[in-house]
Amino acid sequence: MENLLKRILEKKRSERSSSGESSTSPDAKKSRSGDFNFSEVEELEAEDEIFTALNMAEVLHKTLEEINRKLEKLDAIQTTVNDVQASFQKLEERIQKLECSHTTANRDIENLTQNLKSVEMQQQKSAASALDHREGTSLALTDLKKANVDLQAKLKEIEDKNLYLEAYSRRENIIFENIRQATDKEDTELVLRTFLETELGYKDAHTLEIQRVHRLGKKRNEEKPRPIIARFLRYKDCEEILSMGSRLRGSTFRMYQDLPHEIVARRRKQMNTFKEARRSNIPASFSREQPDKLFIKGKFWPAGKPLEIPE
């Protein structure tokens, strides 16, 4: 279209230029200065209108082209705007999702906070309950320990009483060691009376009343004879025989009171103190009622207490 208008305008311009030249010739001047031709004037006016119209069409065409270019720019802007609007729409959707997520997160945080407060309150109650329970348990444990100590003391007292009763029931017994055993079928009572008379020098050995007498333990093939235990009728006879123990010094014979093993173990711990007091001519003896208790100068002497010997 543009090329067509250009060609038409160029053609008209060239025709006008040629017609102008011809009109300036002397003949034309003569004709113009002579007779007046109306048809030529009309033709010229028509051509001017066409030329003007063509010029206007060209200007209009340029304007339309400019408008088209601007419209194309507007289309590009509209596309960009549409893209921006789409981006904004997506952004709004994401913002809405974020707001929903934020609302959900806030709700969850509130629930967690409430749960945490409940747990903290429960922990506080549990801690208080545990503290009360611990205090109660501690008091109960203290009471139990005290009761246990009391029970242990009572048990010790009962055990000691049983030991003392056993020792009392065996106080008429005396054990003799290293008395030779002649035959397997010996008369143990006769052997003991002979020993008391010949080795110990007890003159009334043949009239001494003995309840029971026998050797201890099983028969052995060893040369060492088994001990003899004798139970006498009267405790005074036992005391008299035991008081003659010094006559056996320097010999292999031994005799001692029959006591429970626990009391013997307790007396053994105090035997060094007992012997030291005797060597220093300090009165020392074990109690008859409580044979494990040592008395020095008439006073109870605890085990482990050092002996004070006056210079």
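No experiment lies behind these values; they were computed from the predicted model shown. (Residues numbered from 1 in each chain as written. Predicted model: local features only at pLDDT ≥ 70, side-chain atom pairs only at ≥ 80, totals over all residues. Heavy atoms only, no water.)

**Q** Is there a simple way to explain the side chain of Gln270 in this structure?
**A** Checked against the element boundaries, Gln270 lands in helix α6 (residues 261-279). Residues within four places of Gln270 in sequence aside, it is in contact with Phe286, Asp292, Leu294, Trp301, Pro302 and Ala303. (Helix = DSSP H or I, 4+ residues; strand = E, 2+ residues; numbered from the N terminus. Contact = heavy atoms within 4.5 Å.)

**Q** When you look at the sheet that holds strand β7 (residues 299-301) in this model, what are you seeing that I'm missing?
**A** Each strand in a sheet pairs with another by means of backbone hydrogen bonds, the pair being arranged parallel or else antiparallel. Taking strand neighbours across the sheet as the criterion, the 3 strands line up as β5-β6-β7 in an open arrangement whose pairing is antiparallel. Taken across any chain shown, the strands that pair with only one partner, and hence form the sheet edges, are β5 (284-286) and β7. Across the sheet, the mean angle separating the axes of adjacent strands is 40° when strand polarity is ignored. Where strand β6 (residues 294-296) meets β7, 3 bridges bridge the pair, whose relative direction is antiparallel. Following the sheet pairing, Ile296 is matched in β7 by Lys299. (Pairing = 2+ DSSP bridges. Axes fitted to C-alpha atoms, helices over the stretch in contact; angles between N-to-C directions.)

**Q** How do you make sense of the sheet that holds strand β3 (residues 228-232) when you look at a structure like this?
**A** The strand order across the open sheet formed by 4 strands is β2-β3-β1-β4, and the pairing between neighbours is antiparallel. In this open sheet, the two strands that pair with only one neighbour each are β2 (210-215) and β4 (254-257). In this sheet, neighbouring strand axes are inclined to one another by 20° on average, regardless of whether the strands run parallel or antiparallel. In the packing of helix α4 (residues 188-198) onto the sheet, contacts are made with β1 (173-177), β2 and β3, and the angle to β2 comes to roughly 100°.

**Q** Whenever I open this one, helix α5 (residues 235-243) confuses me. Can you help?
**A** In an α-helix, one turn spans 3.6 residues, which is why side chains three or four residues apart end up on the same side. Listed as buried for α5 are Tyr235, Asp237, Cys238 and Ile241. The buried residues of α5 occupy an angular sector of 155° when the element is viewed end-on, so they sit on one face. Turned more than 90 degrees away from the buried face of α5 sit Lys236 and Ser243, all of them exposed. (Buried < 20%, exposed > 50% of the residue type's maximum accessible area, 1.4 Å probe, protein only. Arc of directions from axis to C-beta.)

**Q** Mind showing me how you'd approach α4 here?
**A** Of all the positions in α4, only Thr188, Leu192, Arg193, Phe195 and Leu196 are classed as buried. Along α4, the residues classed as buried sweep out an arc of 160° about the axis, all on the same side. Those residues of α4 that are buried lie in contact with β1, β2, β3 and α5.

**Q** What's the story with the packing of aromatic side chains in this structure? I'm lost.
**A** Aromatic rings considered in pairs are described by the distance between their centres and by the relative angle of their planes. One pass over the full model with this rule turns up 4 aromatic pairs. On the numbers, 5.8 Å between centres and 70° between planes, the contact of Phe176 with Phe195 is edge-to-face. Placement of the pair is Phe176 in strand β1 and Phe195 in helix α4, with a sequence separation of 19 residues. Accessibility classification places Phe176 together with Phe195 in one group, the buried group. Of the aromatic side chains, those joined through ring pairs into one cluster are Phe176, Phe195 and Phe253. Lying over the aromatic face of Phe286, Arg267 brings its terminal NZ or CZ to 4.1 Å of the ring centre. Lys305 extends its terminal NZ or CZ atom over the ring of Trp301, reaching a point 4.3 Å from the ring centre. (Phe/Tyr/Trp six-rings, centres within 6.5 Å; stacked < 30°, edge-to-face > 60°. Lys NZ or Arg CZ within 6 Å of the ring centre and 35° of its normal.)

**Q** Even after reading the chapter, I still don't get the layout of surface pockets, so can you show me in this structure?
**A** Empty pockets left among the atoms are what a rolling probe the size of a water molecule brings to light. Its boundaries defined by the atoms lining it, the largest pocket holds a volume of some 1700 Å³. Elements represented by at least two residues in the lining of the largest pocket include exactly α3 (38-169), α5, β4, α6 and β5. Classifying every residue of the lining of the largest pocket by side-chain character gives 17 nonpolar, 7 polar and 12 charged. (1 Å grid on protein atoms, 1.4 Å probe; cavity = no way out; pocket = protein on both sides within 12 Å on 5 of 7 lines; lining within 4 Å. Points joined across faces, edges and corners; volume = space filled by probe spheres on them. Nonpolar A, V, L, I, M, F, W, Y, C, P; charged D, E, K, R; others polar.)

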